[in-house]
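# Architecture and fold: a report
Below, each chain spelled out in residue letters.
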Amino acid sequence: MAENEIIIIGAGPAGIAAAIQLKRSGFNPIVFEKKNIGGLLNNANLVENYPGFPGGITGPDLVILFKEQLESFGIDIIYEQVQSLDYDNELFTATTESNKIESKAVIIASGTKPKLSDGITIPSKIKNRIYYEVADLLELEEKNITIIGAGDAAFDYALNLARKNSITILNRSDNIKCLPLLYERVKDNNSIKYLSQIQVFEIDETATNKLLLKCRNNNEDIDIISDCVILAFGRELLLDFMTENLLKQKDELEKKELLHFVGDVNGRLYRQTSIAVGEGVLAAMKIAGKNRTK
Ligand SMILES: Cc1cc2nc3c(=O)[nH]c(=O)nc-3n(C[C@H](O)[C@H](O)[C@H](O)COP(=O)(O)OP(=O)(O)OC[C@H]3O[C@@H](n4cnc5c(N)ncnc54)[C@H](O)[C@@H]3O)c2cc1C
């Protein structure tokens, strides 16, 4: 282990920002990413609140710029999932399927994972046809897509996919939890149908290989046929890799500024790219500052 190596778990906006700042301060960030650089941002239809992009920028286009910036700093990403993170003898150990890497400080930027089916019966044979994000679906064309949910993500996914598909949003109540601006855009979009008071209780397959959503509207049963279903029920923190031993020491290690949680994984109510980026930079500066004052 080199003294200046710092492990970062996750290459979403928070991890990327932390890596760039650490590199600028003379450190060598070891960044693990289990899927794609950019994390959840790959799903964003139009990012309008990240400074520097008048008129907005799509999530995937912003990720391309993040990648270029990482490359310009010579920061390599290790495309492996951290399976466990432990702390012993003043050292963290991150273990992946083929690597075991140690460092004195760690930045956790692992974000969130989707909440699963929320009371909807889904047979295992079709589980791989149910999606929780849109990043892998952006090539779909002329499909009927049903999105279940009523928050920012559900409405943003709908606007994104409606460019080339017909979308139905199902909300189980009348309570809309998204930004008013997103709701207005959905209302004005002829390719999106929004239905409230629809409780989906089962999803199955039809004989023609479509998806059949069995729903209840007030006391009446209705069926909705769809090519693809996206569940957007909210997200929960992704911290499964922390060992019991580390969890016991977590508070103390945070207080000593050896362990940092940055971005969505912090569990705040408000989750945005600029917040994640700011927290990534802050953690990196604290690590660098600590080393300077030694
Ligand atoms: C539909 C949608 C629209 C959005 N629109 C906007 C917007 O307009 N403006 C805005 O500011 N924000 C927007 N956001 C929110 C923004 O995308 C997130 O706040 C931001 O991506 C959080 O960054 P993060 O780095 O904390 O986490 P994430 O982006 O979730 O990144 C975490 C990364 O860690 C990786 N990871 C997790 N566990 C491990 C592990 N064990 N080993 C290795 N890697 C791991 C994941 O694969 C992921 O790449 C939107 C989000 C969605 C879903």
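Attention now moves to the overall build of the protein. Looking only at helices and strands, one finds 6 helices and 18 strands in the protein. Relative to the globule expectation of 19 Å for 294 residues, the C-alpha radius of gyration of the protein, 21 Å, shows essentially globular dimensions. Taking all 294 residues of the protein together, 46% fall into the buried category. Total accessible area on the protein is roughly 15300 Å²; 47% of this is exposed by carbon and sulfur atoms. Computing the positive centroid from 34 side-chain charges and the negative centroid from 41, the protein places the two 2 Å apart.

Each assigned domain of the protein is listed with its residue range as follows: domain 1 (5-113 + 235-292) and domain 2 (116-231). Spacing between the C-alpha centres of domain 1 and domain 2 amounts to 31 Å. Contact with domain 1, which involves 9 residues of that partner, is made by 13 residues of domain 2. A buried area of about 850 Å², summed over both sides, lies between domain 1 and domain 2, and 30% of it is on carbon and sulfur atoms. Taken as a group, Asn43, Asn45 and Glu48 account for 60% of the area that domain 1 buries against domain 2, more than any other trio of residues on that side. Residue Arg235 is joined to Glu133 by a salt bridge in which the shortest nitrogen-to-oxygen separation is 3.1 Å. Put simply, domain 1 and domain 2 have 9 residue pairs in polar contact (both at pLDDT 80 or more) between them. For the side of domain 1 that touches domain 2, a count of residues per class yields 3 nonpolar, 3 polar and 3 charged.

Moving on to the nonpolar core. In terms of nonpolar packing, the biggest core is built from 34 residues, with Leu22, Leu70 and Ile107 touching the most fellow members. At 7 residues, helix 1 (residues 13-24) tops the list of elements feeding residues into this core.

In space, the 5 strands of this open sheet follow the order 3-2-1-7-18, with parallel pairing throughout. The open sheet terminates on both sides in strands that have one partner only, identified here as strand 3 (77-78) and strand 18 (259-261). In the sheet, strand 2 (residues 28-32) pairs with strand 3 via 2 bridges, with the strands oriented parallel. Bridge pairing links Phe32 to Ile78 in strand 3.

Before going further, it helps to examine helix 1. Given 3.6 residues per helical turn, the α-helix brings residues three or four places apart onto the same face. In this model, helix 1 (12 residues) spans 17 Å end to end at C-alpha, consistent with the 16 Å of a helix rising 1.5 Å per residue. Counting buried residues along helix 1, 10 of its 12 residues qualify, which places the element largely inside the surrounding structure. For helix 1, the complete set of buried residues consists of Pro13, Ala14, Gly15, Ile16, Ala17, Ala18, Ala19, Ile20, Gln21 and Leu22. The elements touched by buried residues of helix 1 are strand 1 (5-9), strand 2, helix 2 (59-72), strand 7 (106-108) and helix 6 (273-292). Gly26 sits one or two residues past helix 1 and shows a positive phi near 90°.

We now examine unusual backbone geometry. Positive phi, normally seen in glycine, also occurs at Glu142, with a value near 55°. In the Ramachandran plot, Asn209 falls in the positive-phi region, its phi being about 70° despite a non-glycine side chain. Considering the arrangement of structural elements, one finds Asn209 in the loop between strand 13 (198-205) and strand 14 (211-217). Asn209 gets classed as partly exposed once you look at its relative accessible area, which sits at 49%.

Another aspect to go through is a nonpolar patch on the surface. A contiguous nonpolar surface patch, about 360 Å² in accessible area, is contributed by Leu269, Tyr270 and Ile275. Among the structural elements, Tyr270 can be located in the loop between strand 18 and helix 6. Under the relative-accessibility criterion, Tyr270 is labelled exposed at 59%.

If you walk through the whole model with that rule in mind, you get 6 aromatic pairs. For the ring pair Tyr50 and Phe53, a centre distance of 6.3 Å and an interplane angle of 25° mean the geometry is stacked. Judged by centre distance (5.7 Å) and plane angle (45°), the ring pair of Phe155 and Tyr194 falls under tilted. With Phe155 in helix 3 (residues 152-161) and Tyr194 in strand 12 (residues 192-195), this pair connects stretches of sequence that are 39 residues apart. The buried category is assigned to Phe155, whose relative accessible area is 0%.

With respect to spatial proximity, 34 residues lie near the ligand, and among them Glu33, Leu40, Asn49, Asp264 and Thr273 are the closest. Interatomic distance of 2.6 Å between a side-chain N/O atom of Glu33 and an oxygen atom of the ligand. Within the backbone of Val82, an N or O atom sits 2.9 Å from a nitrogen atom of the ligand. Notes on the ligand: free accessible area 1000 Å², of which the protein chains cover 93%. Among the secondary structure elements, those contributing two or more residues to the shell around the ligand are helix 1, helix 3 and helix 6.

Criteria and thresholds
- Residues numbered from 1 in each chain as written.
- Predicted model: local features only at pLDDT ≥ 70, side-chain atom pairs only at ≥ 80, totals over all residues.
- Heavy atoms only, no water.
- Helix = DSSP H or I, 4+ residues; strand = E, 2+ residues; numbered from the N terminus.
- Rg over C-alpha atoms; globule rule 2.2 N^0.38 Å.
- Buried < 20%, exposed > 50% of the residue type's maximum accessible area, 1.4 Å probe, protein only.
- Areas by Shrake-Rupley, 256 points an atom, 1.4 Å probe, with all protein chains shown as cover.
- Lys, Arg positive; Asp, Glu negative; His and termini not counted.
- Charge placed at Lys NZ, Arg CZ, Asp CG, Glu CD.
- Domains from an automatic or database assignment.
- Contact = heavy atoms within 4.5 Å.
- Buried area = accessible area lost by both parts, 1.4 Å probe.
- Salt bridge = Lys/Arg side-chain N within 4 Å of Asp/Glu carboxyl O.
- Polar contact = N/O pair within 3.5 Å; in protein donor to acceptor, adjacent residues only side chain to side chain.
- Nonpolar A, V, L, I, M, F, W, Y, C, P; charged D, E, K, R; others polar.
- Core = buried A, V, L, I, M, F, W, Y, C linked by side-chain atoms within 4.5 Å.
- Pairing = 2+ DSSP bridges.
- Expected span 1.5 Å × (residues − 1).
- Patch = residues over 30% accessible without salt bridge, like charges linked within 9 Å, V, L, I, M, F, W, Y side chains within 5 Å.
- Phe/Tyr/Trp six-rings, centres within 6.5 Å; stacked < 30°, edge-to-face > 60°.
- Near = heavy atom within 4 Å.

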